Amino acid sequence: MERLVYLDHAATSWPKPSEVAAAMMDALDHAAANAGRGNYSLALDTGRVLMRARMQLAELFGVTHAHDIAFTHNTTMGLNMAIQGFLRPGDHVLSTMTEHNSVRRPLEHLRKSIGIEIDYVKADAAGQVDLHQMNRLFKTNTRMVICNHSSNLLGSILPVGDIGDLTKSHGATFLVDAAQSAGSIAIDVGSMNIDMLAFPGHKGLLGPQGTGGLYISPRIDLEPLLLGGTGSQSENSDQPTVRPDRYEAGTQNTVGIAGLLAGVNKIKSLGIRNIHQHEWQLVQRLMEGLERIPGLKLLGPAIGLPRSGIAAFTVEGQDSAGVAHQLDREYHIAVRAGMHCTPLAHQTADTMASGAVRASVGPSTTEEEVDYLLHAMNELYGSKNK
Ligand SMILES: Cc1ncc(COP(=O)(O)O)c(C=O)c1O
């Protein structure tokens, strides 16, 4: 194929819909003053873009008040705001062995710096956690449960609704990392008992890089991570208490958020269920083809079971970076390889030494692209070529 076959949507979606680029160009011309800092029309129009994006995101995630969503630069920033703004010395946190370093590193930092306790619930090779074991690990000082909605290595989908119920029954706060689900798997913070939801704008929501958000339940008084100008209560040297200003110090990425709004509108017009079904079918097709390659081991849930648009694998005797390099050089296919910022999940999948190749699809991925990857893998590693 002449053009690049991009199968790294789990890292960031690409190409972005043309509507996203158009909205960003339009915002540069018509909505790129400093929102909340002026009464003139351009500043007010800029504020309206932020408000519309916030309202669309609130509707998407079942959030009652849009002002409970703060914009961030990415998922990592939202996770740090939630983790560092909430946890205090002596708190105990329950998390899982499928977490990304964007959860694990802030947690381990707090373990060393202020003395929190952490337990990571074991996951099986399919990337599922045992809720009975999780239940047994709650302690009197367990203040927070953190898990991803979907593993970025294994593609497994965690039962966040059940984990939310369990967390609530123990009186703890539930933080969900929706990096691999926002835009492709339905999320409803109310029925799932999610107290905080960190999500990227640049992956499944199809927005540009530099966008994301954090939903913070009104029940939680989160300490802001970043303090500074908000354009509101300027006479006061304390950070405003009003939301979202409390969590949005400094000039916002308005142009990016205009793109995110267009991405969310696109997602809504396609329908989350349709997107999920499309991605699931493509990944099944990919896994069924890959499975026939001798020495290739698929990670995560078995064929036919629920999973996200991720299929990761190893090839016996091959370094995963080498596989990805050959796919790129000889076939112009972009997949991710190596360690995927989730060492405990690699431990679970027994791929600490080899790393893994990860192909991930998005709403724009076609069967033809999946078949092209299968063709390349068969030419490189199929039985005739071993
Ligand atoms: C599960 C998970 N959490 C967090 C992140 C970090 O996301 P971001 O790059 O938006 O900060 C990723 C990125 O791939 C991820 O897969």
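Everything below is about the structure printed above this text.
The notes below deal with the structure included here. (Residues numbered from 1 in each chain as written. Predicted model: local features only at pLDDT ≥ 70, side-chain atom pairs only at ≥ 80, totals over all residues. Heavy atoms only, no water.)

Bringing helix 6 (residues 160-169) into the picture now. Inspection of helix 6 places Val160, Ile163, Gly164, Leu166 and Thr167 among the buried residues, and these make up the whole buried set. The arc that holds every buried residue of helix 6, seen down its axis, measures 165°, which confines them to one face. With respect to the buried face of helix 6, the exposed residues turned more than 90 degrees away are Lys168 and Ser169. Of the surrounding secondary structure, the elements contacted by the buried residues of helix 6 are helix 5 (131-137), strand 5 (142-148) and strand 6 (173-177). Immediately beyond the C-terminal end of helix 6, within one or two residues, lies glycine 171, with a positive phi of roughly 70°. (Buried < 20%, exposed > 50% of the residue type's maximum accessible area, 1.4 Å probe, protein only. Helix = DSSP H or I, 4+ residues; strand = E, 2+ residues; numbered from the N terminus. Arc of directions from axis to C-beta. Contact = heavy atoms within 4.5 Å.)

With antiparallel pairing, four strands are arranged side by side in an open sheet as 9-10-13-12. The open sheet is flanked by strand 9 (296-298) and strand 12 (336-338), the only strands paired with a single partner. The mean inter-strand angle of the sheet, taken between neighbouring strand axes irrespective of direction, is 25°. Direction of pairing for strand 10 (residues 310-315) relative to strand 13 (residues 356-360): antiparallel, over a ladder of four bridges. From the neighbouring strand, isoleucine 310 faces strand 13, where its bridge partner is serine 360. Across the sheet, helix 8 (residues 272-290) is in contact with strand 9, strand 10 and strand 13; its angle to strand 10 comes to roughly 15°. (Pairing = 2+ DSSP bridges. Axes fitted to C-alpha atoms, helices over the stretch in contact; angles between N-to-C directions.)

Below, the discussion takes up the side chain of glutamate 99. Among the secondary structure elements, glutamate 99 is positioned in the loop between strand 3 (92-96) and helix 4 (101-113). The side chain of glutamate 99 sits in the buried core without any salt bridge; arginine 104 is the nearest counter-charge, 10.0 Å away. For glutamate 99, the side chain forms a polar contact with the main-chain nitrogen of asparagine 148, separated by 3.0 Å. Apart from the residues within four sequence positions on either side, glutamate 99 is in contact with Ile146, Cys147, Asn148, Cys341 and Thr342. (Lys, Arg positive; Asp, Glu negative; His and termini not counted. Salt bridge = Lys/Arg side-chain N within 4 Å of Asp/Glu carboxyl O. Polar contact = N/O pair within 3.5 Å; in protein donor to acceptor, adjacent residues only side chain to side chain.)

Inspection of the region around the ligand gives 13 residues, with Thr75, Thr76, Asp177, Gln180 and Lys203 positioned closest. Contacts to the ligand include threonine 76, whose side-chain N or O atom sits 2.4 Å from an oxygen atom. In this structure, an oxygen atom belonging to the ligand sits 2.5 Å away from a side-chain N or O atom of lysine 203. Contact with the protein chains covers 90% of the free accessible surface of the ligand, which is 390 Å². Taken together, the residues that form the shell around the ligand break down as three nonpolar, eight polar and two charged. (Near = heavy atom within 4 Å. Areas by Shrake-Rupley, 256 points an atom, 1.4 Å probe, with all protein chains shown as cover. Nonpolar A, V, L, I, M, F, W, Y, C, P; charged D, E, K, R; others polar.)

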